[in-house]
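Architecture and fold: a report
Residues per chain, in single letters:
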Amino acid sequence: LPQHLGHDGNLFYCHICKDVGDVVCCDGCPNVFHPCCVPAGPSRQSLDDDDDPWYCPGCFVKHGGGSGTKKKRGGVTRKKETITI
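Let me sum up the structure you'll find in this document. The structure displayed is predicted, hence computed values, not measured ones.

1. Observations concerning the environment of Cys25
Of note, Cys25 is situated in strand β1 (residues 22–25). For Cys25 and Cys14, which are eleven residues apart along the polypeptide, the C-alpha to C-alpha distance reads 9.4 Å.

2. Considering the pairing of β1
Two strands pair when backbone bridges link them, and β1 and strand β2 (residues 32–33) are joined in this way by two bridges, in the antiparallel orientation. In the sheet register, Cys25 faces β2, and the bridge partner there is Val32. Once β1 ends, the chain turns through six residues before running back antiparallel as β2.

3. Focus on the nonpolar core
Most often, soluble globular proteins have nonpolar side chains that are buried together. Val24, Cys26, Phe33, Val38, Leu47, Trp54, Tyr55, Cys56, Cys59 and Phe60 together form the largest nonpolar core, which totals ten residues. Apart from residues lying up to four places away in sequence, Phe33 is in contact with Cys14, His15, Ile16, Asp22, Val23, Val24, Val38, Trp54, Cys56 and Pro57.

4. Observations concerning unusual backbone geometry
For the bond from Asp52 to Pro53, the omega torsion is 5 degrees, close enough to zero to count as cis. Structurally, Pro53 can be placed in the loop between β3 (51–52) and β4 (71–72). Positioned with a positive phi, Lys18 is a non-glycine residue whose angle comes to about 65 degrees. Following the sequence through the fold, Lys18 ends up in the segment before β1. In this model, Asp50 sits at a positive phi of 60 degrees, which is unusual for a non-glycine residue. Residue placement: Asp50 occurs in the loop between α1 (42–48) and β3. For Asp50, a relative accessible area of 19% corresponds to the buried category.

Calculation notes
- Position numbers for residues start from 1 in each chain and track the written sequence from start to end.
- A pLDDT threshold of at least 70 governs which residues receive local features in this predicted model, and a stricter bar of 80 or more applies before side-chain atom pairs are shown or counted, although totals over entire chains, interfaces and linings include all residues.
- The side-chain numbers reported here are obtained from all heavy atoms of the structure, hydrogens and water having been left aside.
- Secondary structure elements are taken from DSSP: a helix is a run of H or I of four residues or more, a strand is a run of E of two residues or more, and numbering for both begins at the N terminus.
- Should DSSP find at least two bridges between two strands, the strands are taken to pair.
- What makes a nonpolar core is a set of buried Ala, Val, Leu, Ile, Met, Phe, Trp, Tyr and Cys residues whose side-chain atoms join them at distances within 4.5 Å.
- The classification of residues rests on relative accessible area computed with a 1.4 Å probe and restricted to protein chains. Under 20% of the type maximum is buried, over 50% is exposed, and intermediate values are partly exposed.
- The contact criterion used is simple: two residues touch if any of their non-hydrogen atoms lie within 4.5 Å.

Have a look at this one:
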């Protein structure tokens, strides 16, 4: 699939399954993921905890993920996009 960036600078397709739909956007790169496609590990736990900012598995360590410096968004939906083509 070609790498198409949306108006927000994020890719259109899930980085894992290459499909569209409700996705979460990494705050460290243009990759997007379906929540169910994020592999188990610290990045997935951060997503499940609704941490903000959220980093994908590839950016998690690079951006200090898991350091306890993230703020949790109380009752606010994280940045999601529904992408249809």
